[in-house]
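# Coordinate analysis (summary)
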Amino acid sequence: MSRRPIRWWNTAALLAIVALVATVVLVGRALDRTDKVNLADLAAVAIAAAVATAAVVTWARRRNTVAGNLADVTRAADVLADLVRRQWQDEARNRLLDDPEPIPVHWQLIADETVMSQPRLITSEAELTLTGRSDDMAALAETFRALIRRRLVIAGGAGMGKTTLAIQLLLQLLSTRAADQARAGEGEVVPVPVLLPVSGWDPGVHPRLQDWLADRLEQDYPALAAPQLGAGAAAALADGGHILPVLDGLDEISAPARAQVIAALNASLTARDQLILTSRRAEFTTAVHDAGRPLTAAAVIVPKPLTPQAAADYLTACLPSSPTEAWTHTLAALRSRTVPGLTRLAATPLGLWLIRTVYVASGADPAPLTGPLGADDDALRTHLLDHVIPAVIAARPPSTDPADHFRPRHRLDPDATRRYLTYLARAFPPATTRDITWWHIARTTPHIRPAVGLTTGLAVGVPPGLIPMTGARELTFWLVIVFISWTWPGLIIGLVFGLVRATSWVNEKPGYANLRLRGRTFRSFRFNIAALVVRLVVRLVVGLVVGLVVGLVVGLAAGLAVLIVGSLAAGPEAGSTAGTAMTAAFVVMLGPVIWLGITLAPWLITWAEQPTLESTSTPRSSWRADRTLTLLRMIVPGLAVGLTVVLTLGFIELDSVPEYGLVIGLAVGLTAGFVMGNHHAWLVCTIAVARLALQRRLPWRVMDFLDDAHRLGLLRAVGPVYQFRHAALHDHLATADTAGGASQLPTLRDSL
């Protein structure tokens, strides 16, 4: 794959700029500090240097305009396949899908032929037949490959293991991908299966499935934007048929949207495009009828209920080799079908998970399973859902061992955990979404705009007011000049800015950033430098020009203030001298400050935003990445301004108190962190979580809590979002009658 070389005109432009800067430095050194500063000469030199540099940069940019690198699609597909495999292997391990063995659900072709295409479009066999087992994925994968267009709909009732089967099939296809590529004919593509929640697709925004896939791939797998893969790798994969979309949860969107998705799929898929879709059976049937036609060439399979014998055998495998007498009695009752509610509940993978979690893993007495509750499967399910949270917390004490993936990192309180999960279940209601998106938590918070506005006002206005506390010798001076002239205007400006921008900030998606050197090669560093060199030079010119103009304006204002205060304190002559020195200091120092602010920080952010070939997006990594971007916006400008303040104080022969630079740098850094950039998801989420934590609706360290809930098996991770492990748990918590006015909690739907 070709790389864009560092052209000779880039080098020439840099040498010309260095020469111009050296000229300015020599002129500055020629000035004797004991002489009166000639602002006109200083301005003339700066403007001349800026104009000359701008001309050189413009010439270099024109010569440097080249086409972007073409995407290396084959390598991108291999990188994506490895990332997806590792992602879902970890998730399958967290879900205990193979521990002790897969639940043996039998799948067969749906009897309703009205929801499928003509058999000749689905299979080349004389008769369309399709069966499979969840505990024999190799055979089911071969059956899937035998379909003409390899399109499959996994339908069934609640808790029957539709998503689990999709994950198992995805991992099986990935495990044999290398062999499939070896057998593939010339020009034949072996796509990479990628599981995505169908709730994230809005056909009104992305009419073509491929366009949405490209966006989601870039969001969930940042590695596809690594420079080693070339430009537009995600779009090239989606458009080239290199993706097998595994769309999970058609039933989790509104009824009109389901029909739109069916229609959009039929309009988007070509003869080479493969597909796997999961949905509850009734919702899928209605969607097909509303759309007016089935999903082209897709086979539809549904599960059979687990037999009591199969359910008992699975539970037996989860127990020690010598079960207790209570368990022996329970298993016998299950096999003999003498407890109807238990029999019906154990016929579903959800029921087996609940029984295993509440009674097997915790070591509790299973007597309630065969008691009065056992006669009613709904009552028994509710009982188990009520006890699943304390059961998993009791069964899995916290551990700090990195190799222990099934235990939380912190000790959780069962009541608090239920309260927090109940808030999330209702804030992200099942009728609207199954995704617990951390950057949308702010949407569920009442009065978030005033909270963001007040926080922004405090961040912008308060730090400068701390400057008087850094030294007592100039206390009166700083009180008059800084506190009165900046703190109150800063509070007002920050409050107004926060109120105006709060809505857009709440809707922003998290950015990607990674400050680690791991995975970054020398070639990628060279590519970064080649791509950014012209931008750095342009920003240098802009910084110097803007700094000169702003320096003159601010310097004159500061000089006038110093003149007034100095004249009152030490006489007109001393005030005039101090005012002139202050003006000169701002003119000289603001150029470098503004250049650092608009060059160094964006360069670091651009470098950090460039992913490596190992970059993936998880809920925790996306949260950390957006936090990194915010901290970069705060730290870099703050350090630049703080250093310049110290140098400025020395330039005007004032006591250079380091605390002044520290506090002013803090003020500028906080302002930049709140105001600059396009990613404020972490910032707004932090403000919202603080408010919710005070109300005891969420914990202060919300991401640690979500990670622990995921480790406990209460949540599952799908890319950068969490979902409840089972939709039944989400539904149960969203509708449960809890104390404390939980029914009045705001929802995501309400905030939208």
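Worth saying up front: this structure is predicted, and the values here are computed from it rather than measured. (Residues numbered from 1 in each chain as written. Predicted model: local features only at pLDDT ≥ 70, side-chain atom pairs only at ≥ 80, totals over all residues. Heavy atoms only, no water.)

A tally of regular secondary structure across the protein chain gives 28 helices and 9 strands. Residues counted as buried form 52% of the 752 residues belonging to the protein chain. Across the protein chain, the fraction of contacts at a sequence separation of at least 24, relative to all contacts at a separation of at least 6, is 80%. Accessible surface, the protein chain as shown: approximately 33500 Å² in total, 61% of it carbon and sulfur. (Helix = DSSP H or I, 4+ residues; strand = E, 2+ residues; numbered from the N terminus. Buried < 20%, exposed > 50% of the residue type's maximum accessible area, 1.4 Å probe, protein only. Contact = heavy atoms within 4.5 Å. Areas by Shrake-Rupley, 256 points an atom, 1.4 Å probe, with all protein chains shown as cover.)

Burial analysis of strand β6 (residues 275-280) places 5 of its 6 residues in the buried class, the great majority of the element. Summarising the sheet, strand β3 (residues 151-156) and β6 pair through 6 bridges and their orientation is parallel. Opposite I154, over in β6, you have T278 as the bridge partner. Handedness of the crossover joining strand β5 (residues 243-248) and β6 through helix α10 (residues 255-268) is recorded here as right-handed. (Pairing = 2+ DSSP bridges. Right-handed = clockwise from strand over helix to strand, strands pointing away.)

The mixed open sheet is built from 7 strands, whose spatial order is β2-β1-β7-β3-β6-β5-β4. Of all the strands in the sheet, the pair left with one neighbour each is β2 (131-133) and β4 (192-197). Pairwise comparison of adjacent strand axes, ignoring direction, gives a mean angle of 20 degrees for this sheet. Relative to strand β7 (residues 299-303), strand β1 (residues 106-109) is paired through 3 bridges, and the arrangement is antiparallel. Bridge pairing in β7 places Q108 opposite V302. Each of β4 and β5 touches helix α8 (residues 209-220); the most contacted strand, β4, lies at about 90 degrees to it. (Axes fitted to C-alpha atoms, helices over the stretch in contact; angles between N-to-C directions.)

This part covers the pattern of salt bridges. Scanning the model with the defined rule gives 23 salt bridges in all. Taking the shortest distance from any N to any O, the salt bridge between R208 and D211 comes out at 2.7 Å. A relative accessible area of 38% means that R208 is categorised as partly exposed. With its nearest N and O atoms 2.6 Å apart, the salt bridge here joins R701 to D704. Its relative accessible area of 59% is what places R701 among the exposed residues. With a relative accessible area of 10%, D704 lands in the buried category. Through salt bridges with shared partners, a single ionic network connects E142, R145, D180 and R183. (Salt bridge = Lys/Arg side-chain N within 4 Å of Asp/Glu carboxyl O.)

Looking at the secondary structure, you find T338 in the loop between α13 (325-336) and α14 (340-345). Residue classification places T338 among the exposed residues on the basis of a relative accessible area of 53%. It is 9.2 Å that separates the C-alpha atoms of T338 and A375, two residues lying 37 residues apart in sequence.

Let us now look at empty space enclosed by the protein. Counted under the stated rule, the structure contains 4 cavities of 30 Å³ or more. Along the walls of the largest cavity sit F144, R145, R150, L173, R177, D180, V190, P191, P193, L244 and Q274, which together make up its complete lining. Breaking the lining of the largest cavity down by element, the ones donating at least two residues are α5 (137-145) and α7 (177-183). Here the residues of the lining of the largest cavity sort into 6 nonpolar, 1 polar and 4 charged. (1 Å grid on protein atoms, 1.4 Å probe; cavity = no way out; pocket = protein on both sides within 12 Å on 5 of 7 lines; lining within 4 Å. Points joined across faces, edges and corners; volume = space filled by probe spheres on them. Nonpolar A, V, L, I, M, F, W, Y, C, P; charged D, E, K, R; others polar.)

The subject of this paragraph is the packing of helix α12 (residues 308-318) against α13. The interhelical angle for the contact between α12 and α13, taken along N-to-C directions, is 160 degrees, at an axis separation of 8 Å. By the angle between their directions, the pair α12 and α13 is classed as roughly antiparallel. In this structure, the crossing between α12 and α13 has a hand that is left-handed. Within the contact between the two elements, α12 uses P308, Q309, A311, A312, D313, L315 and T316 and α13 uses L331, L334 and R335. Tallied by class, residues from the contact of α12 with α13 come to 6 nonpolar, 2 polar and 2 charged. (Parallel < 35°, antiparallel > 145°, perpendicular 65-115°, else oblique. Left-handed = near helix turned anticlockwise from the far one by under 90°.)

As a further point, take helix α17 (residues 377-395). Along α17, the sharpest kink reaches roughly 45 degrees, centred on V388 and followed within four residues by the proline P390. Those residues of α17 that sit buried are D377, L380, H383, L384, L385, V388, I389, A391, V392 and I393. Elements in contact with the buried residues of α17: α14, α15 (349-360), α16 (367-370), α18 (414-427) and α27 (727-735). At the N-terminal boundary of α17, the capping side chain belongs to D376, with an oxygen 3.0 Å from the backbone nitrogen of D378. (Bend = angle between axes of the 7 residues up to and from the residue. Polar contact = N/O pair within 3.5 Å; in protein donor to acceptor, adjacent residues only side chain to side chain.)

Turning next to the packing of aromatic side chains. Here the structure, examined in full by the defined rule, presents 3 aromatic pairs. Ring centres of W438 and W439 lie 5.5 Å apart, and the angle between their planes is 85 degrees; on these two criteria the pair is classed as edge-to-face. Accessibility classification places W438 together with W439 in one group, the buried group. (Phe/Tyr/Trp six-rings, centres within 6.5 Å; stacked < 30°, edge-to-face > 60°.)

Across the protein chain, the average pLDDT comes to 78, with 66% of residues at 70 or higher. The least confident element of the protein chain is helix α28 (residues 748-751), whose mean pLDDT is 38; the most confident is β6, at 97. Across residues 1-40 the pLDDT falls below 50, and counting only partners more than four positions away or on other chains, this stretch makes 51 contacts in the model. A low-confidence stretch, residues 522-528 stays under pLDDT 50, and its non-local contacts, those more than four residues away or across chains, total 13 contacts. (pLDDT = per-residue confidence, 0-100.)

Orientation of α10 relative to helix α11 (residues 281-291), taken along the N-to-C sense of each, is 65 degrees, at an axis distance of 8 Å. By the criterion of interaxial angle, the relationship of α10 to α11 is roughly perpendicular. For the crossing formed where α10 meets α11, the hand is right-handed. Mapping the contact onto sequence places R258, A259 and I262 in α10 and E283, F284, A287, D290 and A291 in α11. Of the residues in the contact of α10 with α11, the class split is 5 nonpolar, no polar and 3 charged.

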